[in-house]
Amino acid sequence: QVQVVESGGGLVQPGGSLRLSCAASGSIFSINAMGWYRQAPGKERELVATITSGGSTNYADSVKGRFTISRDNDKNTVYLQMNSLKPEDTAVYYCNAFLMERRSSYYQGYWGQGTQVTVSS
């Protein structure tokens with residue numbers, strides 16, 4: 001079994017910062033990409049940022065220059081540093097780990113349960 005658990009969400013004022021963490025654990029052989037997605041009320045889930053095992057990153061245009069994704073491969077953990085937060089960043093943030101379980105021969109994505117980020121004064 002594999003678990004993906006996010007932490008670090010909360011309420012922050014516009015212009016503030018938050019740091020999200022996501023750890024994958026369990027019967028893991030290898031992790032390829034890890035990433036953050038978000039879903040605001042009434043909207044579809046959208047990509048925020050991804051990072052490969054080699055450190056290559058990709059960001060949504062709406063967060064470029066404000067958010068930074070990083071990763072600790074030894075801890076199977078990915079982080080999202082969010083600065084200059086705006087009310088439109090309010091959403092449930094989900095972590096995804098694209099990994100191969102032990103005794104498996106293919107990669108698949110695993111989702112966390114999500115963590116709420118609210119940007120409001």
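Residues numbered from 1 in each chain as written. Predicted model: local features only at pLDDT ≥ 70, side-chain atom pairs only at ≥ 80, totals over all residues. Heavy atoms only, no water.

### Looking at the state of the cysteines
- In this structure the tally under the stated criterion is one disulfide.
- In this model, Cys-22 is linked to Cys-95 through a disulfide, with the two sulfur atoms separated by 2.0 Å. Sign of the S-S torsion, about -80° for the bond between Cys-22 and Cys-95, identifies this disulfide as left-handed. Separated by 73 residues along the polypeptide, Cys-22 in strand β3 (residues 18-26) and Cys-95 in strand β9 (residues 91-101) bring together distant segments of the chain. For the pair Cys-22 and Cys-95, a shared accessibility class is recorded, and that class is buried. (Disulfide = S-S within 2.5 Å. Helix = DSSP H or I, 4+ residues; strand = E, 2+ residues; numbered from the N terminus. Buried < 20%, exposed > 50% of the residue type's maximum accessible area, 1.4 Å probe, protein only.)

### Re the sheet that holds β3
- If you walk across this open sheet you meet the four strands as β1-β3-β8-β7, and the pairing is antiparallel. Among the strands making up the open sheet, the edge pair consists of β1 (2-7) and β7 (67-72). Across the sheet, the axes of successive neighbouring strands diverge by a mean angle of 15°, strand direction being ignored.
- Here β3 runs beside strand β8 (residues 77-82); their pairing, made up of six bridges, is antiparallel. Residue Cys-22 lies in a different strand from β8, and its bridge partner there is Val-78. (Pairing = 2+ DSSP bridges. Axes fitted to C-alpha atoms, helices over the stretch in contact; angles between N-to-C directions.)

### A closer look at the pairing of β7
- Only one face of β7 is buried: it carries Phe-67, Ile-69 and Arg-71, and the other face, with Thr-68, Ser-70 and Asp-72, is open.
- Pairing between β7 and β8: six bridges, direction antiparallel. Across the sheet, Thr-68 pairs through a bridge with Gln-81, a residue of β8.
- Two successive antiparallel strands, β7 and β8, enclose a turn made up of four residues, where Asn-76 displays a positive phi of approximately 50°.

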